[in-house]
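# Working through the structure, step by step
One-letter residues, chain by chain:
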Amino acid sequence: MLTIRKSGMQTTVQDLGRTGFQQYGVVASGAMDPYALRMANLLVGNEENAAALEITLMGPSIHFVEDHVISICGGNLTPQLDSKVVGCWRAIPVAKGQALTFGKPRTGSRCYVAVAGGIDVPAVMGSRSTYTRAELGGYQGRALESGDQLAIGEASAVQKSAAQNGSWFVPSPSYSSNPVIRITKGRQFELFSEQSRKHFLSETFSVNSQSDRMGYRLDGPRLALAEAQEMTSEAVVFGSIQVPVDGNPIILMADRQTAGGYPKIAEVVTVDLPLISQLKPGDRLRFKEVSVEEAQHLLKLQEKKINRLKRAIKYKREET
Amino acid sequence: MDYSFSPLGDQAIVIEVGTAINEHTQKEILAISSFLEANSPQWMTEYIPAFTTISVVYNPLLINFEDVKKELAALLEGASQITPSPPRTVEIPVCYGGDHGPDLEFVAQHNGLSTEEVIAIHTGTSYTVHMIGFAPGFPYLGGMSEKIAAPRRQSPRVSIPERSVGIAGNQTGVYPISTPGGWQLIGRTPTRLFLPKKEIPSLLRAGDTIVFRRITAEEYQTLEEKENADHT
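The model shown is predicted, which means the values in this text are computed figures rather than measured ones.

All right, on to the interface of chain A and chain B then. Across the contact, 46 residues belong to chain A and 54 residues belong to chain B. Buried surface at the junction of chain A and chain B, both sides included, amounts to about 4000 Å², of which 59% is carbon and sulfur. The largest share of the area that chain A buries against chain B comes from Gln-23, Tyr-24 and Arg-187 of chain A, three residues that together contribute 18% of it. The partner of Glu-16 of chain B in a salt bridge is Arg-187 of chain A, and the shortest N-O contact between them spans 3.3 Å. Of all the secondary structure elements, the ones that give two or more residues to the side of chain A that touches chain B are strand 15 (234-235), strand 18 (259-260), strand 19 (264-268) and helix 5 (292-319) of chain A. Considering every element that reaches the side of chain A that touches chain B, the biggest residue donor is helix 5 of chain A, with 6 residues.

Here it is as structure tokens:
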């Protein structure tokens, strides 16, 4: 069990999202940085899809009511255990009565706190992810508030004992505050004016402060269709880049709608989605085109890397 | 049948069933949906039917884009044999204008009509549910008269009250939950469209026929209270 003492900016329960209900318009949700969530779970011996806490920029204060093994992956929001800075991307034993707090965000904007056993909230439509707009899933369908108490699932003896090797960690992805983001061309890419297509692939965009789990709004050169037209709504995905009539692109994120009526200039490749999720308002980014084939190749390479880390983690855990 | 396929990022593919919104395209989309439901390939995560397209989300670790395209083309040969079940008719009560429909006036002015005429046109026809999407239980409807068409707002509203009824282009729809959106709002219904506790969490389904019935603010109040009692 853990108790939230201070809520932080936005702390929600997330897993890898709600699949299978998009045909009824049910938003997928899930971790904004699925890579960090998966790693956080693996480090404490959970299933990759177990529910963890997603923490945004200004972290909460979490009080542990019992002994637990935790891990913190994603952006470095300066996590501290009883006011002493602790490392990310590793398993950390915490004792009953200890408090986890966060300081200044150093890199990135989101991190995941996984607890061995997983956050125990009811699954709604097959997922424990919170979708606050429909008050769905997670902890009472909302972001955590001061005083909330979260139950933790049963951890195995191996999970409980595996945290002694505290010096060992997995590498962090190279998060950046001015990344080059790889994209594949969207279905309406060719409908944009020649200048807009050129600007999109060469100019720098910055993250607008009106960005959240639903979408990242970008400022930069205005993008426009060669000829104005109303689109027929169709499905969108995590990473679809829509351009509304005002010309400012929006990257659709974890809490995106299932379909949209604005033209899509591109889709962010899956392996680069964590880089977007870790951007803060004011951060800058550029786009680079790759083929779908290459995007899928990158994803396979990443899975290979994750599988290697999985084996290494398992080996390290059994060593202790 | 000949469909065109295009990628939607590295984990989804769009099957373009038709180029225009019409009954024929819709029937084919319903048939393909039923077929995919009954014959889901192992690599398929889910499918999302829309007006003229069906998007299939797949696992790129199991299959690449080119092979998805080939396999779908072969699978869809079988879909044309399927007859979708007959449509249901659902009535949606709506309180038009005032606080419930702040853009009714704009839609009227844009089309050179009175607000009464807009309401008469909106309630005077039946609509087909083409797809559920954008938000949980949100129906995209076909069949609206072009006489009350209105462009989307230049920039989407940050928050729209749940159950608002809106118009965007030649489309009309109802927002089941509070969400940002660019539609022109003409009214509000007390009926809940998103039912998260039900096995099928949407009141409406693709293929349904719906009609709007005008109600007064008092009727709205009574029906809303009844819905609250039924669902809590």
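Once the structure has been displayed, the description carries forward.
All names here are of chain B. In spatial order, the strands read 1-2-4-3; together these 4 strands make up an open sheet with antiparallel pairing. On the outer flanks of this sheet lie strand 1 (4-7) and strand 3 (44-49), each paired with one strand and no other. For this sheet, the mean angle separating the axes of adjacent strands, direction not counted, is 20 degrees. Sheet topology places strand 2 (residues 12-16) next to strand 4 (residues 53-58); 5 bridges connect them, and they run antiparallel. By the bridge assignment for strand 4, Ala-12 is matched with Val-57.

Below, the discussion takes up the packing of aromatic side chains. All chains considered together, the criterion is met by 11 aromatic pairs over all chains. Between Phe-200 of chain A and Phe-287 of chain A the ring centres are 4.6 Å apart and the planes differ by 20 degrees, which places this aromatic pair in the stacked class. With a gap of 87 residues between them, Phe-200 of chain A in helix 3 (residues 194-202) and Phe-287 of chain A in strand 20 (residues 284-289) connect regions that are remote in the sequence. The exposure class of Phe-287 of chain A is buried, given its relative accessible area of 3%. Seen from their ring centres, Phe-51 of chain B and Tyr-140 of chain B are 5.6 Å apart, and the 85 degrees between their planes marks the pair as edge-to-face. You can see Phe-51 of chain B sitting in the loop between strand 3 and strand 4 and its partner Tyr-140 of chain B sitting in strand 7 (residues 139-142), a full 89 residues away along the chain. Each member of the pair, Phe-51 of chain B together with Tyr-140 of chain B, is buried. Members of the aromatic cluster, joined through ring pairs, are Phe-51, Phe-138, Tyr-140, Tyr-175 and Trp-183 of chain B.

Residues and elements named next belong to chain A. Read across the sheet, 5 strands follow the order 2-3-10-5-8 without closing on themselves; strand pairing throughout is antiparallel. Sheet topology places strand 2 (10-14) and strand 8 (91-94) at the edges, where each strand pairs with a single neighbour. The average angle at which neighbouring strand axes cross in this sheet is 30 degrees, direction not considered. Examined bridge by bridge, strand 3 (residues 52-56) and strand 10 (residues 107-115) share 4 bridges and lie antiparallel to one another. Bridged to Thr-56 within strand 10 is Arg-110.

So, about the UniProt feature "coiled-coil region" (unreviewed entry) in chain A. The UniProt feature table records "coiled-coil region" (unreviewed entry) at residues 292-319 of chain A. Along residues 292-319 of chain A, the helical share is 100% and the strand share 0%, with 41 Å between the first and last C-alpha atoms.

Rules used throughout
- Residues numbered from 1 in each chain as written.
- Chains lettered and ligands numbered in written order.
- Predicted model: local features only at pLDDT ≥ 70, side-chain atom pairs only at ≥ 80, totals over all residues.
- Heavy atoms only, no water.
- Contact = heavy atoms within 4.5 Å.
- Buried area = accessible area lost by both parts, 1.4 Å probe.
- Salt bridge = Lys/Arg side-chain N within 4 Å of Asp/Glu carboxyl O.
- Helix = DSSP H or I, 4+ residues; strand = E, 2+ residues; numbered from the N terminus.
- Pairing = 2+ DSSP bridges.
- Axes fitted to C-alpha atoms, helices over the stretch in contact; angles between N-to-C directions.
- Phe/Tyr/Trp six-rings, centres within 6.5 Å; stacked < 30°, edge-to-face > 60°.
- Buried < 20%, exposed > 50% of the residue type's maximum accessible area, 1.4 Å probe, protein only.
- UniProt positions renumbered as here; feature names shortened; annotations may be inferred.

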